[in-house]
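# Topology and contacts: notes
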Protein chains: 2
Amino acid sequence: MDPSLRGRLAACNAPWMEGILRRFTPATGAASRLCLPHHLAEFDQTMLTLYFAPNTAALAVHIALQESGAIYNTVRLNFASNDQKAPQYLAINPKARVPALLTEQGVLTETPAILAYVAQCFPAANLAPNEPFGFARAQAFNNYLCATVHVAHAHRVRGARWTDEPEVAQALTKKVAQNMADCFALIERDMRTGPWVMGASYSICDAYLFTVAGWLEGDGVDIAGFPAVHAHHQRMLARPAVQTVLALHRA
Amino acid sequence: MDPSLRGRLAACNAPWMEGILRRFTPATGAASRLCLPHHLAEFDQTMLTLYFAPNTAALAVHIALQESGAIYNTVRLNFASNDQKAPQYLAINPKARVPALLTEQGVLTETPAILAYVAQCFPAANLAPNEPFGFARAQAFNNYLCATVHVAHAHRVRGARWTDEPEVAQALTKKVAQNMADCFALIERDMRTGPWVMGASYSICDAYLFTVAGWLEGDGVDIAGFPAVHAHHQRMLARPAVQTVLALHRA
């Protein structure tokens, strides 16, 4: 674990941080050493902690983790009370955003990067193509969601990122529906093969598309206008992992 | 090659498309078959075509390709004459953006995805960590540049993406310098180890950081205010591959 991260974590007083730090403390003494393989196996599994908030892109990572078969912890942040700006959380992710994934090697941020990490750590779940071109196609799809579609959506609710003038932020909401519709027209065109984003195989891209498509209604766009995306959304809702995670987010 | 892509390419009349299509046509006949291994080796190498325009994120991919040792073709687009919106180019990338990389398996878009592809296709160049956590850290860095820093910059020159009102687009330019400075303060903090973004090893992240840092001056931010980023920029300018590519972009 990155020593500076340990220092930043140690500087926090949140009760939920204690459990995390305990898990980062290497076991010492003869007894621990004797059961090392079992201990390490358990260590790896419980080392993953996802920081999420409802109605954010973290839903995609949560679904991917659930589908991967990983054993993982979650910490729920409340954006309404600005949990993401608390010093405890800024020690985890100075960008004050979710998702963040705490691993035994340190913290990872940025949805497409964490999704790829989950896919690579749990190859048996087959959540991403494993040759360069297919993998790059999946990354390109996720990057488009992250850097274009999510950004288009963010101009409705997070205009203050790009302007300090409330009336300008208000004006930015006007083009959101059109931009989201344009983005999904492009996605719809690429979804022709199906049933999943990458074709025959379910992947991390499906969890991410499901998440972002879930924002359409709030953005004033009818998902039914994109039949392939709509069918994909229904297909996702039928998956047990998606139902499990949605229930947690909506609790 | 994706048949629908071949169809879209074939529908184009641009002279530069002919050469590309010729390279996509499998060699037939006894003579070709006899020299298959050599032919294929050459085929793979010349199969990569980068579409770029000066002063865009495509510079990062161009530098990475140059550092990778790949033999590749380039097609220069002129954004001033809207080359990126011409039907020939929309057949390559319907998003009307650069970079796009034409490979023997199809087209790739999105800078972080193409950078990862180049790193994975040319492992001898050691342009990215090859274990999941290190790779994810590199992807997270590149995703931040793509989805936050590039987006912050784009509000100065491409405000029309998010508003149809010229006065609103004009108002969006006001916060660009502050947002870029905030982003680079965060990057500066993460650059403490050096000399490269990922530490001791030069990687695709360096080409991308160099590219985006090159936009600071135009955005009204003095790079000298970020000593580690500034030193990194100078270090990059000293690399022969960077000098070669910059000369092409500035020609």
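Parameters and conventions
- Residues numbered from 1 in each chain as written.
- Chains lettered and ligands numbered in written order.
- Predicted model: local features only at pLDDT ≥ 70, side-chain atom pairs only at ≥ 80, totals over all residues.
- Contact = placed C-beta atoms within 7 Å.
- Helix = DSSP H or I, 4+ residues; strand = E, 2+ residues; numbered from the N terminus.
- Nonpolar A, V, L, I, M, F, W, Y, C, P; charged D, E, K, R; others polar.
- Pairing = 2+ DSSP bridges.
- Axes fitted to C-alpha atoms, helices over the stretch in contact; angles between N-to-C directions.
- Least-squares fit on C-alpha atoms with pLDDT ≥ 70 in both.
- Domains from an automatic or database assignment.

Our focus in this paragraph is the interface of chain A and chain B. Opposite the 35 residues of chain A that make contact, chain B presents 35 residues. Secondary structure elements with two or more residues in the side of chain A that touches chain B: β4 (106-109), α7 (111-121), α8 (132-157) and α9 (166-172) of chain A. Element by element, the count of residues in the side of chain A that touches chain B is highest for α8 of chain A, at twelve residues. Grouping the amino acids of the side of chain A that touches chain B by side-chain chemistry returns 21 nonpolar, eight polar and six charged.

With that settled, consider the sheet that holds strand β4 (residues 106-109) of chain B. Residues and elements named next belong to chain B. Sheet architecture is open: four strands sit in the order β2-β1-β3-β4, paired in mixed fashion. One side of each edge strand has no neighbouring strand; the edge strands of this open sheet are β2 (73-76) and β4. In this sheet, neighbouring strand axes are inclined to one another by 20° on average, regardless of whether the strands run parallel or antiparallel. Pairing analysis gives three bridges linking strand β1 (residues 49-52) to strand β3 (residues 100-103), with the strands arranged antiparallel. Bridge pairing in β3 links L50 to L101. Taken strand by strand, helix α5 (residues 58-68) contacts β1 and β3, and its axis lies near 150° from that of β1.

For these two chains of identical sequence, chain A goes onto chain B by a turn of 180° and a shift of 0.0 Å along the axis, with RMSD 0.0 Å. Interpreted geometrically, this transformation is the action of a two-fold axis. Among all C-alpha atoms of chain A, that of A147 of chain A lies closest to the rotation axis, at 2.0 Å. Counting the interface residues of chain A, we find that 100% of their copies in chain B are interface residues as well, pointing to one common contact surface.

With that out of the way, let us pick up the domain arrangement of chain A. You'll often see interface size given as the accessible area lost when the parts meet. Residues and elements named next belong to chain A. Taken domain by domain, chain A consists of domain 1 (3-125) and domain 2 (132-240). Each side of the interface is counted separately: domain 1 has eleven residues, and domain 2 has nine residues. Listed by contribution, the elements that provide at least two residues to the side of domain 1 that touches domain 2 are α5 (58-68) and α7. Of the residues forming the side of domain 1 that touches domain 2, the biggest block, six residues, is contributed by α7. Here the side of domain 1 that touches domain 2 is composed, by residue class, of ten nonpolar, one polar and no charged.

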